[in-house]
Amino acid sequence: FESSPNCVKNRLWYHPDAIIGQCIEGIGNSETLHTIPAIREFKDFGCRPKDQGKSLKDYNVAPLNQTNWTQYPLWNAADFRCVEGGEQYKEIGHVSKTHVAFHFHNFFDSAEILRNKYKTYGHPISNADKAPLESFQDGLITAVGCAMNRVVNLTHLNGGKLENMPGRRPILYNNVTYIRARHEEVEKMFKADELKHKVHHTD
């Protein structure tokens, strides 16, 4: 997974993780229902621009009631990431009432795989194969520093203790043995990476 269970960030956000199949490209029928063309930042790809679908309510240039269109465009993978809107639901009946899902993002099996992600992803870091991991972004300052038991800002880490995290979490994260083993595994991984890349810390 991503770093150590003891280093989970406490951040609430949402994606359109539940959507009607008929609204997705390749499933929905665009010929009979969704006749509005999806205008995008680039010719045939990219996000939808403002006033052309970036928000679910901003089709100001061509509102439905002034055309013969009956439905908005179908969604593709870019829309799942870019479109603003939808509803964020909280779980009724659970003591925390904070969220209904736990988000895994950019998980990795080794420090080398993590470095390759940053060297080759959408906003690549050219020296990601050599620079200290913590120099890549703030999130890695937290992930590496916490896993290495260094002093880091724990205000968004539930005090550095998984049991302080509100709401539901993966079932495996209720296993104390796994939590301890994974933390030790990640600590060992980052120590080896720092030795390999000659990264030194004074704290």
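Conventions adopted
- Residues numbered from 1 in each chain as written.
- Predicted model: local features only at pLDDT ≥ 70, side-chain atom pairs only at ≥ 80, totals over all residues.
- Heavy atoms only, no water.
- Axes fitted to C-alpha atoms, helices over the stretch in contact; angles between N-to-C directions.
- Helix = DSSP H or I, 4+ residues; strand = E, 2+ residues; numbered from the N terminus.
- Parallel < 35°, antiparallel > 145°, perpendicular 65-115°, else oblique.
- Contact = heavy atoms within 4.5 Å.
- Nonpolar A, V, L, I, M, F, W, Y, C, P; charged D, E, K, R; others polar.
- Phe/Tyr/Trp six-rings, centres within 6.5 Å; stacked < 30°, edge-to-face > 60°.
- Buried < 20%, exposed > 50% of the residue type's maximum accessible area, 1.4 Å probe, protein only.
- Expected span 1.5 Å × (residues − 1).
- Arc of directions from axis to C-beta.
- Polar contact = N/O pair within 3.5 Å; in protein donor to acceptor, adjacent residues only side chain to side chain.
- Disulfide = S-S within 2.5 Å.
- Core = buried A, V, L, I, M, F, W, Y, C linked by side-chain atoms within 4.5 Å.

Caption draft 1: Just the packing of helix α2 (residues 111–120) against helix α4 (residues 176–196), in detail. Following both chains from N to C, one finds α2 and α4 inclined at 70°, their axes separated by 10 Å at the closest point. As the angle between them shows, α2 and α4 are arranged roughly perpendicular. From α2, Ala 111, Glu 112, Leu 114 and Arg 115 reach across to α4, where they touch Met 189, Phe 190, Asp 193 and Lys 196. Taken together, the residues that form the contact of α2 with α4 break down as 4 nonpolar, no polar and 4 charged.

Caption draft 2: Structural context of the packing of aromatic side chains. Taken as a whole, this structure holds 6 aromatic pairs when the rule is applied. Relative to Tyr 178, the ring of Tyr 173 has its centre 6.3 Å away and its plane inclined at 20°; by these criteria the two rings are stacked. Given the relative accessible area of 3%, Tyr 173 is considered buried. Every member of this aromatic cluster is reached through a ring pair, and the members are Tyr 118, Tyr 121 and Phe 136.

Caption draft 3: Geometry of α4. Taking 1.5 Å as the rise per residue, α4 with 21 residues should run 30 Å; its terminal C-alpha atoms sit 30 Å apart, in good agreement. Of the residues making up α4, those classed as buried are Tyr 178, Ile 179, Arg 182, His 183, Val 186, Glu 187, Met 189, Phe 190, Asp 193 and Glu 194. The buried residues of α4 occupy one face: seen down the axis, they fall within an arc of 160°. Exposed positions of α4 whose direction lies more than 90 degrees from the buried face are Thr 177, Lys 188, Leu 195 and Lys 196. Where α4 is buried, its residues meet α2 and α3 (138–147). Where α4 begins, the side chain of Asn 175 points an oxygen toward the backbone nitrogen of Thr 177, at a separation of 2.9 Å. Just downstream of α4, Lys 198 is the residue with a positive phi angle, here 55°.

Caption draft 4: Examining the state of the cysteines more closely. Under the counting rule described, the total for this entry stands at 2 disulfides. Here Cys 7 is linked by a disulfide to Cys 146, with a sulfur-sulfur distance of 2.1 Å. Where Cys 7 bonds to Cys 146 through sulfur, the torsion about that S-S bond is close to -85°, and the disulfide is left-handed. Separated by 139 residues along the polypeptide, Cys 7 in the segment before α1 (77–82) and Cys 146 in helix α3 bring together distant segments of the chain. For Cys 146, a relative accessible area of 9% translates into the label buried. Each disulfide pairs two cysteine sulfurs, and for Cys 47 the partner residue is Cys 82, the sulfurs being separated by 1.9 Å. One end of the pair, Cys 47, is in the segment before α1; the other, Cys 82, is in helix α1, and 35 residues separate them in sequence.

Caption draft 5: Up close: the environment of Glu 194. On the secondary structure map, Glu 194 appears in helix α4. In sequence terms Glu 194 and Pro 132 are 62 residues apart; their C-alpha atoms lie 7.3 Å from each other.

Caption draft 6: Layout of the nonpolar core. Ranked by size, the top nonpolar core spans 17 residues in total, and within it Leu 114, Tyr 118, Leu 133, Phe 136, Leu 140, Val 144 and Phe 190 carry the most contacts. Listing elements by their share of this core, those giving two or more residues are α2, α3 and α4. Among the elements that take part in this core, α3 stands out by supplying 4 residues, more than any other. Sequence-distant contacts of Leu 114, that is, excluding residues within four places in its chain, are made with Phe 108, Leu 133, Leu 140 and Phe 190. Ranked by size, the runner-up nonpolar core spans 6 residues in total, among them Leu 162, Met 165, Tyr 178 and Ile 179.

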